[in-house]
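# Architecture at a glance
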Amino acid sequence: MTVADYMAACNAHYYATRDPLGKGGDFTTAPEISQIFGELTGAWLAGQWRAQGSPAAFTLLELGPGRGTLMQDALRATRGVPGFHGAMQLRLLEISPVLRALQREALAEYAVEWIETVEALPPLPLFAIANEFFDALPVRQFVGEAERKIDWRDGGFFFTAPAQDITETGEAGESIMRLLANHINRFGGAALVVDYGYDGSARGDTLQAVRAHAYTDPLADPGEADLTAHVDFSALTRAAGGGAHGPVAQGVFLKRLGAELRAATLCKSAAPAQCEAILSGLERLVSPAQMGELFKVLAVLPHGFPPPAGF
Ligand code: SAH
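Residues numbered from 1 in each chain as written. Predicted model: local features only at pLDDT ≥ 70, side-chain atom pairs only at ≥ 80, totals over all residues. Heavy atoms only, no water.

## Notes on the nonpolar core
Judged by nonpolar contacts, the single largest core of 49 residues is most densely connected at F58, L60, M71, L75, L107, L254 and L285. Considering each element in turn, this core owes the most residues, 7 residues, to helix α3 (residues 35-51). Setting aside chain neighbours within four positions, we find M71 in contact with L60, L61, E62, L90, L107 and I129. Core analysis: the second largest hydrophobic core is formed by 27 residues, A128, A130, F133 and A181 among them. (Core = buried A, V, L, I, M, F, W, Y, C linked by side-chain atoms within 4.5 Å. Buried < 20%, exposed > 50% of the residue type's maximum accessible area, 1.4 Å probe, protein only. Helix = DSSP H or I, 4+ residues; strand = E, 2+ residues; numbered from the N terminus. Contact = heavy atoms within 4.5 Å.)

Printed below as a string of structure tokens:
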């Protein structure tokens with residue numbers, strides 16, 4: 001089978017059968033590290049909604065919402081934006097029943113509709129966020145013209161070619177990006193895509209498996225580890241076709257949106273130990289040595305719009 005088919009099958013099982021996030025899980029994400037992440041990205045989306053004339057009905061969409069933490073923080077932070085919650089129709093794109101249940105709990109005070117494809121969106125302006133969603137989508141791998149595959153022999157999986165001179169293509173992610181960008185161009189709106197990845201020259205083999213916060217062999221225990229590939233931001237930018245801005249480094253983006261000021265405000269009403277946790281969370285998100293540079297942010301707006309806040 002292709003690497004993409006393997007990745008899709010493994011991740012479908014993996015996400016359907018567990019909550020992978022947090023200390024007791026396999027990996028941790030920005031919204032689980034600090035509330036500032038969801039607050040600032042939520043405020044960014046509300047700012048774009050206002051800049052486009054505060055449309056009276058719109059979809060607020062998250063793709064791959066995990067535990068629902070980001071959306072919870074985003075909605076709390078935008079409560080004070082006049083008309084925003086009243087005009088919003090909250091939609092979540094999620095395949096995992098386990099995570100859907102956690103999202104239902106986290107967002108119990110809001111009406112939520114779950115969808116399975118971007119094509120199910122109604123013809124309304126779309127304000128969307130995706131954090132660590134695109135990296136979970138399947139990639140194909142090639143050595144020259146030949147597709148690298150995964151085969152089975154003597155009770156184990158193996159790659160049909162070594163991990164050298166590999167190029168990756170992410171059709172699944174590009175097709176979702178194309179749909180989002182077309183929708184936004186047609187009906188208005190804005191999207192933020194945050195993920196770890198590269199912009200420019202390809203990186204070779206980036207398929208990786210993470211289990212219990214450590215790297216493991218992607219072919220061992222299929223469906224029991226988180227399989228990801230680095231996101232090719234230049235390919236996503238091309239797929240967005242004209243409305244893309246960035247990518248900018250996550251640290252730069254969050255600082256431009258006032259992450260440090262927000263942390264200082266939170267610290268004012270926090271005990272010293274709590275304040276230390278707030279500051280170290282912020283440091284993890286923005287420091288180039290941690291997530292600040294590897295993680296990147298891409299914005300999508302209707303064609304011809306000037307660069308939005310943070311870009
Ligand atoms: N955004 C969250 C979770 C990231 S984990 C956070 O930052 O914490 C990846 C998320 O994408 C999970 O919610 C997972 O179930 C979802 N997901 C993975 N593949 C998907 C697919 N093909 N369709 C819809 N959701 C998917």
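## Overview of the state of the cysteines
Within this structure, the stated rule accounts for 1 disulfide. The residue that forms a disulfide with C267 is C275, at a sulfur-sulfur distance of 2.2 Å. Here the disulfide of C267 and C275 is right-handed, its torsion about the S-S bond being about 90°. The exposure classification of C267 matches that of C275, with both residues buried. (Disulfide = S-S within 2.5 Å.)

## Here we look at the sheet that holds strand β6 (residues 146-147)
What the 3 strands build is an open sheet, ordered β6-β5-β9; its pairing is antiparallel. Both outer strands of the open sheet, β6 and β9 (166-169), are each paired with one neighbouring strand and no more. Pairing of strand β5 (residues 140-143) with β9, which is carried by 4 bridges, proceeds in the antiparallel orientation. Across the sheet, residue V143 finds its bridge partner in β9, namely I166. (Pairing = 2+ DSSP bridges.)

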